[in-house]
Amino acid sequence: MSDSTAIAHGAAEAHHEHPPYQRHHFETYAQQNDATNFAMWLFLLTEIMFFGGLFTAYLIFRNWYYPAFVAASHQLDIFWGSLNTLLLITSSFTMAMGVWCAELRKKSGLVLCLILTFILGLGFLGVKTIEYREKWEKHHIPGLHYSVQSFVNPASDPEVHDKYPKDQPLAMDMARHTELYFFLYFAMTGMHALHMIIGIAILAFMIARAQAGAYTTGHVTFVENFGLYWHFVDIVWIFLFPLLYLISRH
Amino acid sequence: MSELQDGPEQHERHHHIVSPKIYLIILLSLLVGTALTVWASFIDLGPFNPIIALAIACTKAVLVVLFFMHVKYSSKLTKLTVGAGFFTFLVLIGMTLADYFTRAWGRW
């Protein structure tokens, strides 16, 4: 119903023509929802460009300093990477189920799904912490007393050397480029983790609001758009995992 | 008044609700994809290792975008926006990589 008709019928009636969560400048709730989804997608596209820059830098330097990148990526544990992929994909599923619950106005189901997503997200960050701590202990954090010991003398790092016995010692000028690998590793996974932390904070806010019944009134836009954000973060990890952990095994 | 009453139904007519069964199928496909990509990384396929890993990752991403992110059921505007966005992204990455990867060609 257009505004002009609403004015003709008087201001009091205008508020009875649409659900309270529909803004006056939208014709219908569907239009409002579509417009908001469109805006969310535009934001996500800027995010894709942002992460895309990091991915491009990674691919270029991997091509230039290939032996250093292969040796450095052997420092990552495929077990932790796979576990994190599992956690994140499952959290995407629970988030999608949360959107479904909100659409069908199932309040307790929505709260449960959001809490599960929250816990899985924290689990992901927990695993990341274990991995980061190992890098700290081995002096593999670029700029902070970075050590090339594991790469100029692989036998000095028995844990990794046993898994990759064919790894040859790198010459010093190549070994120092492993620092670049770890710089990109921390930039990419760190940016991804920052997105996870922001997402988890918003999830905590949403759990409180969902318990108060905020998203089960038919107004699902917020849950839906947060879902888009969460799935986007999942997609970034879907590419980070093979590129950082898997493709340099041989 | 009648508009208020058919508000939610009108919303549901425009707004496709994806069933949990589809979400479950996608979850299982993504888990199978993850298992496949880890398994493939243990086999020495030379230059095909990264190609297979990226092909599986792209397939997984497409599944997430189409079903978890509802693009398959979205308006044409959303489909066009997402399609144009990814296309532009691929052009930018593709052109940049084509430049850097070919700079040394013919120099040795």
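The rules we used
The numbering scheme is per chain: residues are counted from 1 as the chain's sequence reads. Labels are handed out in written order, letters beginning with A for the chains and numbers beginning with 1 for the ligands. Restriction of local features to residues with pLDDT of at least 70 applies here, the model being predicted, together with a cutoff of 80 or more for giving and counting side-chain atom pairs; totals for whole chains, interfaces and linings are based on all residues. Hydrogens and water are ignored here; the side-chain numbers use all heavy atoms of the structure. Think of a nonpolar core as a cluster: buried Ala, Val, Leu, Ile, Met, Phe, Trp, Tyr and Cys residues, connected wherever their side-chain atoms sit within 4.5 Å. Relative accessible area decides the class of each residue, using a 1.4 Å probe on protein chains only: under 20% of the type maximum gives buried, over 50% gives exposed, and in between gives partly exposed. By the criteria applied, helices consist of DSSP H or I runs no shorter than four residues and strands consist of E runs no shorter than two, each listed in order from the N terminus. The contact criterion used throughout is that any non-hydrogen atoms of two residues lie within 4.5 Å. Here, a salt bridge means any side-chain nitrogen of Lys or Arg that lies within 4 Å of a carboxyl oxygen of Asp or Glu. In this analysis, rings of Phe, Tyr and Trp, with Trp reduced to its six-membered ring, are considered paired at centre separations within 6.5 Å, and the interplanar angle assigns stacked below 30 degrees, edge-to-face beyond 60, and tilted for intermediate values. Working rule: Lys NZ or Arg CZ, within 6 Å of ring centre, within 35 degrees of ring normal, means a charge sits over the ring. Only C-alpha atoms enter the line fits that serve as axes; for helices the fit covers just the stretch in contact. Angles between N-to-C directions range over 0 to 180 degrees. Orientation categories follow fixed angle ranges, with anything under 35 degrees roughly parallel, anything over 145 roughly antiparallel, 65 to 115 roughly perpendicular, and all other angles oblique. Residue classes follow a fixed rule: Ala, Val, Leu, Ile, Met, Phe, Trp, Tyr, Cys and Pro count as nonpolar, while Asp, Glu, Lys and Arg count as charged, and any other residue, Gly among them, counts as polar.

## Quick look at the nonpolar core
- Among the nonpolar cores identified, the biggest contains 94 residues, and Tyr58, Met95 and Tyr181 of chain A together with Met69 of chain B are the most heavily contacted of them.
- Among the elements that take part in this core, helix H11 (residues 221-246) of chain A stands out by supplying 18 residues, more than any other.
- Sequence-distant contacts of Met95 of chain A, defined by excluding residues within four places in its chain, comprise Leu114, Thr117, Leu203, Met206, Val223, Phe226, Gly227, Trp230 and His231 of chain A.

## Considerations on the pattern of salt bridges
Residue and element names in this part refer to chain A.
- Counting across every chain of the model gives six salt bridges over all chains.
- Lys138 is paired through a salt bridge with Glu134; the nearest N and O atoms lie 3.4 Å apart.
- Here Lys138 ties to Asp157 by a salt bridge, and the two come within 3.2 Å at their closest N and O atoms. One end of the pair, Lys138, is in the loop between helix H6 (107-137) and helix H7 (149-152); the other, Asp157, is in the loop between H7 and helix H8 (158-163), and 19 residues separate them in sequence. For the residue pair Lys138 and Asp157, the accessibility class agrees, reading buried in each case.
- The network of salt bridges with common partners includes Glu134, Lys135, Lys138 and Asp157.

## A look at helix H4 (residues 66-73) of chain A
Residue and element names in this part refer to chain A.
- Most of H4 sits out of view: six of its eight residues are buried.
- All of the buried residues in H4 are Ala68, Phe69, Val70, Ala71, Ala72 and Ser73.
- Looking at the buried side of H4, the elements it contacts are helix H3 (29-64), H7, helix H9 (172-175), helix H10 (178-211) and H11.

## Description of the packing of aromatic side chains
- A complete count under the given rule lists 27 aromatic pairs over all chains for this structure.
- When the ring of Tyr21 of chain A is compared with that of Tyr29 of chain A, the centres are 5.1 Å apart and the planes differ by 75°; the resulting orientation is edge-to-face.
- Residue classification places Tyr21 of chain A among the buried positions, given a relative accessible area of 17%.
- A ring pair is formed by Phe241 of chain A and Tyr245 of chain A, whose centres lie 5.6 Å apart and whose planes are at 50°; its orientation type is tilted. Note that Phe241 of chain A and Tyr245 of chain A are positioned in helix H11 at a spacing of four residues, about one turn of the helix.
- Pairwise contacts between aromatic rings join Tyr58, Phe69, Tyr132, Tyr146, Phe151, Tyr181, Phe182, Tyr185 and Phe186 of chain A into one cluster.
- Above the ring of Phe42 of chain B, the side-chain terminus of Arg249 of chain A is found at 3.9 Å from the ring centroid.

## Remarks on the packing of H11 of chain A against helix H4 (residues 48-68) of chain B
- For the pair H11 of chain A and H4 of chain B, the least separation of the axes is 9 Å and the interaxial angle reads 175°. Between H11 of chain A and H4 of chain B, the crossing angle belongs to the class labelled roughly antiparallel. In this structure, H11 of chain A contributes His231, Asp234, Ile235, Ile238, Phe239, Pro242 and Leu243 of chain A to the contact, and H4 of chain B contributes Ala53, Leu54, Ala57, Cys58, Lys60, Ala61, Val64, Val65 and Phe68 of chain B.
- Counted by class, the contact of H11 of chain A with H4 of chain B contains 13 nonpolar, one polar and two charged residues.

## Some details on the packing of helix H3 (residues 20-41) of chain B against H4 of chain B
Residues and elements named next belong to chain B.
- Viewed as axis vectors pointing N to C, H3 and H4 meet at an angle of 170°, and their least axial separation amounts to 10 Å. If you check the angle between H3 and H4, you find them roughly antiparallel. For the pair formed by H3 and H4, the contact residues are Ile22, Tyr23, Ile26, Leu27, Ser29, Leu30, Gly33, Thr34, Leu36, Thr37, Ala40 and Ser41 on the first element and Asn49, Ile52, Ala53, Ile56, Lys60, Leu63, Val64, Phe67 and Phe68 on the second.
- Of the residues belonging to the contact of H3 with H4, the class tally is 14 nonpolar, six polar and one charged.

Purely geometric numbers; function is a separate question.
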